[in-house]
Amino acid sequence: MQTGHAFLAGVAGGGAMNAAMALARWMGLEVHLEQTLGTMVLDPGAAAWFVGLVLHLGISGLIALLYAWGFEHVARRAGVAVGLLFAVPHLLLAGVFMGAVLPAVHPLVPEVLPAPGSFMLSLGALGAAAFVLLHLLYGAVVGGIYGSVLQPGSASRATA
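Here's a quick rundown of the structure. Computed from a prediction, not measured in an experiment: that's the story for all the values here.

Here we take up the layout of surface pockets. Approximately 920 Å³ is the volume attributed to the largest pocket. Contributing to the lining of the largest pocket are 37 residues, with Leu 33, Ala 94, Phe 97, Met 98 and His 135 lying nearest its centre. Elements with a minimum of two residues in the lining of the largest pocket: helix 1 (3-26), helix 2 (33-38), helix 3 (46-75), helix 4 (80-105) and helix 5 (124-150). Classifying every residue of the lining of the largest pocket gives 27 nonpolar, nine polar and one charged. The volume enclosed by the second largest pocket comes to roughly 260 Å³. Lining the second largest pocket we find 14 residues, and of these Ala 20, Ala 24, Leu 29, Ala 130 and Leu 133 sit closest to its centre. Elements with a minimum of two residues in the lining of the second largest pocket: helix 1 and helix 5. Each residue belonging to the lining of the second largest pocket can be placed in one class, and the counts come to 13 nonpolar, one polar and no charged.

See below:
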């Protein structure tokens, strides 16, 4: 397994998620993952947002190590389509985590910060749809990038 490439693919996937969340915020959807993660260690504010961004990118890199292991040992290939498939269990686990675990471990949820709810359902159907799409985006990016490393020069297999 190429851990460095996998980690960087995860950081790129996390970055794509952060960019999509910024777009969602611009469109009025109150998606504040960076602030939520950062306030686990700091008071709300710009520093907490930045720390949350760094935490999200690091976690995204670590999760991609699991994807890479699965690409190599389960699917025996990687690419956008395989990444999308791997994103399904990832988003299911993350959705349960958001609802069941985050309020139990975050010192400010729900008293200071609103609980996002499972699959971000506290934001309604649009929040849940965004949650699913964000994780599918992550899987597509990680699969696409790692596929080009795992199968260099094989664009047809990298997307299958």
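There's plenty left to go through after this.
Counted under the stated rule, the structure contains six aromatic pairs. Each ring, one from Tyr 67 and one from Tyr 138, has its centre 5.3 Å from the other, and the planes form 85°; the classification is edge-to-face. You can see Tyr 67 sitting in helix 3 and its partner Tyr 138 sitting in helix 5, a full 71 residues away along the chain. Here Tyr 67 and Tyr 138 have matching classes, each one buried. Summarising the aromatic geometry, the rings of Phe 119 and Phe 131 are spaced 5.7 Å apart at their centres and angled 90° between planes, so their arrangement reads as edge-to-face. Of this pair, Phe 119 sits in the loop between helix 4 and helix 5 while Phe 131 sits in helix 5; the two residues are twelve residues apart in sequence, bridging distant segments of the chain. Taken together, Tyr 67, Phe 71, Phe 86, Tyr 138 and Tyr 146 form an aromatic cluster joined through their ring pairs.

Before going further, it helps to spend a moment on helix 3. Note on helix geometry: an α-helix contains 3.6 residues per turn, so any two residues three or four positions apart are oriented the same way. With 30 residues, helix 3 should reach 44 Å at 1.5 Å per residue; the first-to-last C-alpha distance of 41 Å fits that figure. All buried positions along helix 3 are accounted for by Ala 48, Gly 52, Leu 53, His 56, Ser 60, Gly 61, Ala 64, Tyr 67, Ala 68, Gly 70 and Phe 71. Taken together, the buried residues of helix 3 touch helix 1, helix 2, helix 4 and helix 5. Looking one or two residues beyond helix 3, the residue adopting positive phi is Arg 76, at roughly 60°.

The rules behind each value
- Residues numbered from 1 in each chain as written.
- Predicted model: local features only at pLDDT ≥ 70, side-chain atom pairs only at ≥ 80, totals over all residues.
- Heavy atoms only, no water.
- 1 Å grid on protein atoms, 1.4 Å probe; cavity = no way out; pocket = protein on both sides within 12 Å on 5 of 7 lines; lining within 4 Å.
- Points joined across faces, edges and corners; volume = space filled by probe spheres on them.
- Helix = DSSP H or I, 4+ residues; strand = E, 2+ residues; numbered from the N terminus.
- Nonpolar A, V, L, I, M, F, W, Y, C, P; charged D, E, K, R; others polar.
- Phe/Tyr/Trp six-rings, centres within 6.5 Å; stacked < 30°, edge-to-face > 60°.
- Buried < 20%, exposed > 50% of the residue type's maximum accessible area, 1.4 Å probe, protein only.
- Expected span 1.5 Å × (residues − 1).
- Contact = heavy atoms within 4.5 Å.

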